[in-house]
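# Close look at the chain arrangement
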Amino acid sequence: MSDKKTVWFIVIAVIAFLLFGDEIIALTASILGAAVELSVSLIVWLLVVGGVFFIVTTVFGSTLLGFCAAFIALVLSGISFFWPLLLCLFVLYLVFRKPRVSTAP
């Protein structure tokens, strides 16, 4: 009985792959591409912040100033990295906020 179920599962899997193989491969490639894109941009992001910290620390000699410059670089690069999300959140805030009621005398 178990052998017949296994054969049917294999037949169904082969038919499903023949029908939806292109979509399955495209979805897998899309997921892998997004993961690679995100990881590469995060590595570049961290290299820029580390470079800012290194340059400020070596030129000015202050670790606190280096941390402050690296934090500012982190905030600015974060804003530039997530600006579409921030823009969508701002638009949603404008749409769903409660209007102010003015009290006229």
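So, how was this worked out
- Residues numbered from 1 in each chain as written.
- Predicted model: local features only at pLDDT ≥ 70, side-chain atom pairs only at ≥ 80, totals over all residues.
- Heavy atoms only, no water.
- Helix = DSSP H or I, 4+ residues; strand = E, 2+ residues; numbered from the N terminus.
- Rg over C-alpha atoms; globule rule 2.2 N^0.38 Å.
- Expected span 1.5 Å × (residues − 1).
- Buried < 20%, exposed > 50% of the residue type's maximum accessible area, 1.4 Å probe, protein only.
- Polar contact = N/O pair within 3.5 Å; in protein donor to acceptor, adjacent residues only side chain to side chain.
- Axes fitted to C-alpha atoms, helices over the stretch in contact; angles between N-to-C directions.
- Parallel < 35°, antiparallel > 145°, perpendicular 65-115°, else oblique.
- Contact = heavy atoms within 4.5 Å.
- Nonpolar A, V, L, I, M, F, W, Y, C, P; charged D, E, K, R; others polar.
- pLDDT = per-residue confidence, 0-100.

## Overview of the overall build of the chain
Looking only at helices and strands, one finds 3 helices and 0 strands in the chain. Mapped in sequence order, the helices and strands of the chain form the string α-α-α. On C-alpha atoms alone, the chain measures out to a radius of gyration of 26 Å, which is more than a quarter above the 13 Å that the 2.2 N^0.38 rule sets for 105 residues. For the C-alpha atoms alone, the extent of the chain along its principal axes is close to 75 × 65 × 25 Å.

## Points about helix H2 (residues 63-81)
Think of an α-helix as turning once every 3.6 residues; residues three or four places apart then point the same way. Under the 1.5 Å per step criterion, the end-to-end length of H2 is 26 Å for 19 residues, consistent within 8% with the ideal 27 Å. For H2, the set of buried residues is Gly66, Ala69, Ala70, Ala73, Ser77 and Gly78. Capping the start of H2, Ser62 holds a side-chain oxygen 3.2 Å from the backbone nitrogen of Leu65, two or three residues further along.

## What about the packing of H2 against helix H3 (residues 83-96)?
Orientation of H2 relative to H3, taken along the N-to-C sense of each, is 70 degrees, at an axis distance of 5 Å. Classified by the angle their axes make, H2 and H3 are roughly perpendicular. On H3, the residues that touch Ile79, Ser80 and Phe81 of H2 are Trp83, Pro84 and Leu86. A class-by-class count of the residues in the contact of H2 with H3 yields 5 nonpolar, 1 polar and no charged.

## Focus on the confidence of the model for the chain
The predicted model of the chain has a mean per-residue pLDDT of 84, with 96% of residues at 70 or higher. Per-element averaging of pLDDT across the chain places H2 at the bottom with 81 and H3 at the top with 88.

## Let's talk about the environment of Gly21
Mapping Gly21 onto the fold places it in helix H1 (residues 2-60). Classification of Gly21 by relative accessible area gives buried; the value is 6%. In sequence terms Gly21 and Thr58 are 37 residues apart; their C-alpha atoms lie 55 Å from each other.

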